[in-house]
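Summary of structural features
The residues making up each chain are set out below.
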Amino acid sequence: MADRSIDDIDPVWHALPVEQLLRHFGLDPERGLDAGEVCSAQARHGPNALPEAPPKPLWRTFVRQFKSPLIYILFVAAVLAVSLGHHGDAGVILAVVLVNALIGSFQEGRAERSMAALRRLSALRVRVQRDGGELVVEARELVPGDTVLLAAGDAVAADARLVEEAQLQVAEAALTGESVPVSKSVLPVPEATGLADRHCMVYSGTHVTAGRARAVVVATGIHTEVGRIAGLTERAEEPKTPLELRLEQFGRALVVAALGLFVLVVLLGLWRQLPLSEVLMVAISQMVSMVPEGLPVAMTIALAVGMQRMADRGAIIRRLSAVETLGSTTVICSDKTGTLTRNEMTAVALWLPGGREIHVGGIGYAPEGELTQGGTPADGSDPSLRELCVAAALCNDAQLLPPEDERAGWSVLGDPTEGALLVLACKAGLVLDLLRRDAPREAELPFDSDTKLMATRHRMAGAPRRVWIKGAPEAVLRLCAGGDGAALQAPRDAAERMATQALRVLAFATVDEDALDPAGGFDALAGRARLLGLVGQIDPPREEVKLSVADCRAAGIRPIMVTGDHKLTGLAIARELGIARDGERAVDGPELERMGEADLRDELPGIAVFARVQPAQKLRIVEALQARGEVVAMTGDGVNDAPALARADVGVAMGITGTEVAKSAAKIVITDDNFATIVGAVEQGRVVYANLKKVILYLFATSMAEVLVLLLALLGGFPLPLAAVQILWINIVTEGTVTVNLVMDPADGDEMRRAPVPRDDRLLGAEMLKRVALMTPLIAGVTFGWFAWRLGQGAPLEIVRTETFTVLAMCQWFNVLNCQSARASALGLRIVRNRWLLGGLTLSVALQALVLYTPPMNALFHTVPLPPESLLPLLGLASLVLWLEEARKLWVRRMPRARP
């Protein structure tokens, strides 16, 4: 490959003829670059990537931890402590602020690293021609001189000059603002031509909407047009999710309540004639105790952990909001092929004009199997049979690949449906390489998801030219002579019979003349085609999907099949999987078109399958479901599915068969195209939300208990039961060591037996408030009760405060176990399932021992060492928090559970 600077050549690429372009690179586009040329080009030009915003420096992440009303309050408390002469207390407060910032920086950094790893998993991949073969590589590995292969739905990953194209159209709105796709050509244009009119070029950041092409990369990275525009501009941050906004509102409400509490405590203290300095310090500490400082960090970690767990199960999260929305999903609209089924197509039945039916033996992609008619081998030389198989092989863009080694099997490069047709042709005795060499393709109309048709024109040995047509039976029959009359009723009936057997049916036809006019499209073929026959393919349902559908039903989620297949085929598969139940029906595209919006909304509860729907109709289905109040997850893989994916509450793109455009529009990409993976992601979404609710319950219940203890002391005429720094220790250290770890809880196991989370679910709903109403008085009663009883015995205030401080910490330990589940017992091995929480509790106990038994900590936190034997009564008393909640859970488990 010639070595020439990109900057020298890029401005004139569009003006060069294809032959000059290829000579410049010394390139054969059928072979592409070899490995050495690629390595050399990568060394010269670097990766094909735009400059990313540099990682946030650690010091900036650290400083950001101080930008919080909570931290401002703590700084005020420290200043107040210094002014009142409490230098030790001020030191403790500032140390707490520092530790809180360090923990927040560490957790935020870990979350960002996790999300960066997930972005790498969903990196753009492209098809290239290298060393004479077709490869799939990451877009960042492209180099100038690479030959890229483009098809409908592909994202263009670098600026490239077209050398071959067939009906290529490219959406360039992201680059030029052109609202409609632009038709492309290989012909050069004048050097002065503007960007929007360079029809022989394709540019990074655009995507292919129709046709296919072969192009040579001429610019990568910052040298592309989009790279010049982007410059060093940092990527915009993702907006806050609804959950984040609700948490912020929740926090602001608590701050207002905390300010009110501050005023109340000061007034009560002055009424009690307590020292002003002591009252102010405790008032500020109590105000801080009401603000759940651990909640933002816990939420960040919960979302990051949820994303990682979903990635481990094959679901890559592209939008953070999808994590929370998954838990609220009430409807999953799923494609059939490859998602509910294995996408391992096998042609099993043929229908030929005259009513002959032929069975095809064998399974999978191995070209092994016999064609039989009425139990006897079919005549492979039969003209009708041969012509049908020739059409299946030539009107086809897939490749059948032999095993790479003894352990591997035959495979298909391209669409599995087309791969099955190639296998059929081989079983009929055709040699694919010879057939394609003797009948080269001259023109084509690529498959169109709206017309459901594809056509190719070939130069044939026995005829000057011939057009082969493939597509949905009803679409092909409309092109045939007599397509609107009774002459073709037999193939229509045959197609319906095959569809009721869960077969995917394709029809084939031919035009015996040079009739393929790309400008006229398929309409130019109407009434001129001759039907060749039907091919029925089977795509077995995935075994695990039936269980996943049952899980959906149990979880209050309704599955709906949205497929391009015949409605009888879709309905047969839907009934087998449990998607369609008694009384539910299938509706096809034409029926859907005739329905008004109100009629569609009314009919939706009785529709289990939408068949033969066009991509634009998917959007209508989503909007109709949302109008009924449903939270919709919609799957898609094609470029025209993008609007529906973007409109759905959770757009789910297929990782294997999905186009890059679909992936960009979706919030989730599933790597195995499996319906069960979607259901697993819904389960994880519920786990994330449930764990956040556990944290909110824990922080709110314990904070309210601290407030209640203080108010009881002030109103009862008692001295203050806790020093200000002790309250801060409980809030930051005792709670902080377990709060973040609580969100690491694994699934309870019954997430998919609960109802979906309401879209407007309150962070503190009625059920949680009932639990708070039980936990808070119990923690406060145990803590204050011990304080009052010990004072009544005449124990020194310093010892009583230390014991009260320790009892409250122990109550927190037992209460975090309570918050792990609303129903399941905390006894047994449950805590072992969350090693992070077990470690956090161990650390919390060790730190409490440190604050009790080391002189420097005694001085800072106004504690005294307690005899070890005195801790057992405290532990037993604090455990009442656990036993009462266990009694409640036992009562709840014995009550009948409402079904979702």
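Residues numbered from 1 in each chain as written. Predicted model: local features only at pLDDT ≥ 70, side-chain atom pairs only at ≥ 80, totals over all residues. Heavy atoms only, no water.

Applying the stated criterion across every chain yields a total of 6 aromatic pairs. Between Trp729 and Phe861 the ring centres are 5.0 Å apart and the planes differ by 75°, which places this aromatic pair in the edge-to-face class. In this pair, Trp729 sits in helix α26 (residues 724-734) while Phe861 sits in helix α31 (residues 855-861), placing the two residues 132 residues apart along the sequence. For the pair Trp729 and Phe861, a shared accessibility class is recorded, and that class is buried. Look at Phe784 and Phe787: their rings are 6.2 Å apart centre to centre, the planes differ by 40°, and that puts the pair in the tilted class. (Phe/Tyr/Trp six-rings, centres within 6.5 Å; stacked < 30°, edge-to-face > 60°. Helix = DSSP H or I, 4+ residues; strand = E, 2+ residues; numbered from the N terminus. Buried < 20%, exposed > 50% of the residue type's maximum accessible area, 1.4 Å probe, protein only.)

So, about the confidence of the model for the chain. A low pLDDT score tells you not to read the predicted coordinates there in detail. A residue-level look at the chain finds 89% of positions with pLDDT of 70 or above and a mean pLDDT of 84. Within the chain, helix α1 (residues 6-9) has the poorest average pLDDT of any element, 40, and helix α13 (residues 383-394) the best, 95. This model gives residues 231-238 a pLDDT under 50, and the stretch forms 9 contacts once residues within four places in sequence are excluded. (pLDDT = per-residue confidence, 0-100. Contact = heavy atoms within 4.5 Å.)

Phe250, Ile332, Val609, Ile668, Phe675, Ile696 and Val816 are the most contacted members of the largest nonpolar core, which has 128 residues in total. Examining the composition of this core, we find that 21 residues originate from one element, helix α25 (residues 675-716), more than from any other. Not counting residues within four places of it along the chain, the set of residues in contact with Ile696 comprises Leu247, Phe250, Leu295, Leu763, Leu764 and Met768. In this structure, Leu352, Ala428, Met460 and Phe508 belong to the second largest nonpolar core, which totals 37 residues. (Core = buried A, V, L, I, M, F, W, Y, C linked by side-chain atoms within 4.5 Å.)

Counting buried residues along strand β24 (residues 632-636), 5 of its 5 residues qualify, which places the element largely inside the surrounding structure. Neither face of β24 is left uncovered, since the one carrying Val632, Met634 and Gly636 and the one carrying Ala633 and Thr635 both have all their residues buried. By the bridge criterion, 3 bridges tie strand β9 (residues 331-334) to β24 in an arrangement that is parallel. Residue pairing in the sheet places Val331 in a bridge with Val632 of β24. Relative to strand β25 (residues 650-654), β24 runs parallel, the two sharing 4 bridges. Its bridge partner lying in β25, Thr635 is registered against Val652. (Pairing = 2+ DSSP bridges.)

Position of Asn396 relative to the elements: it lies in the loop between α13 and β14 (399-401). Looking at Asn396, its side chain comes within polar contact range of the main-chain oxygen of Ala392, at 3.0 Å. Those residues in contact with Asn396 that lie beyond four places of it in its chain are Glu418, Leu421, Leu422, Arg436, Arg441, Met454 and Lys470. (Polar contact = N/O pair within 3.5 Å; in protein donor to acceptor, adjacent residues only side chain to side chain.)

Turning to the sheet that holds strand β20 (residues 530-538), a few remarks are in order. Here we have 9 strands laid out as an open sheet, ordered β13-β12-β11-β10-β20-β19-β18-β17-β16, and antiparallel in their pairing. Here the strands that pair on one side only, and so sit at the sheet edges, are β13 (376-377) and β16 (441-448). In this sheet, strand β18 (residues 466-471) lies alongside strand β17 (residues 453-458) in antiparallel orientation, the contact comprising 6 bridges. In the sheet register, Thr456 faces β18, and the bridge partner there is Trp468.

Right, let's talk about the pattern of salt bridges for a bit. Enumeration over the complete set of coordinates arrives at 37 salt bridges. In this structure, the salt-bridge partner of Glu164 is Arg212, at a minimum N-O distance of 3.6 Å. On the criterion of sequence distance, the pair formed by Glu164 in strand β4 (residues 159-171) and Arg212 in strand β7 (residues 207-219) is long-range, its members being 48 residues apart. Judged by its relative accessible area of 29%, Glu164 falls in the partly exposed class. Accessibility expressed as a relative area gives 27% for Arg212, which makes it partly exposed. Two residues, Glu803 and Arg790, come together in a salt bridge whose shortest N-O distance is 2.8 Å. Here Glu803, found in helix α29 (residues 797-818), pairs with Arg790, found in helix α28 (residues 766-792); they are 13 residues apart in sequence, far enough to count as distant. Judged by its relative accessible area of 5%, Glu803 is buried. Linked by salt bridges that have partners in common, Glu30, Glu164, Arg212, Arg214, Asp397, Arg441 and Glu444 make up one network. (Salt bridge = Lys/Arg side-chain N within 4 Å of Asp/Glu carboxyl O.)

A few words on the sheet that holds β24. Here 8 strands make up an open sheet; going across it, the order is β8-β26-β25-β24-β9-β21-β23-β22 and the pairing mixed. Looking at strand neighbours, the two that pair on one side only are β8 (315-317) and β22 (585-588), the edges of this open sheet. On average, adjacent strands in this sheet sit at an angle of 20° to one another, irrespective of strand direction. Across 3 bridges, β25 lies against strand β26 (residues 668-670) in parallel orientation. Bridge assignment links Met654 to a residue of β26, and that residue is Ile670. Here helix α22 (residues 615-627) sits on the sheet in contact with β9, β21 (558-562), β23 (607-611) and β24, set at roughly 170° to β24. (Axes fitted to C-alpha atoms, helices over the stretch in contact; angles between N-to-C directions.)

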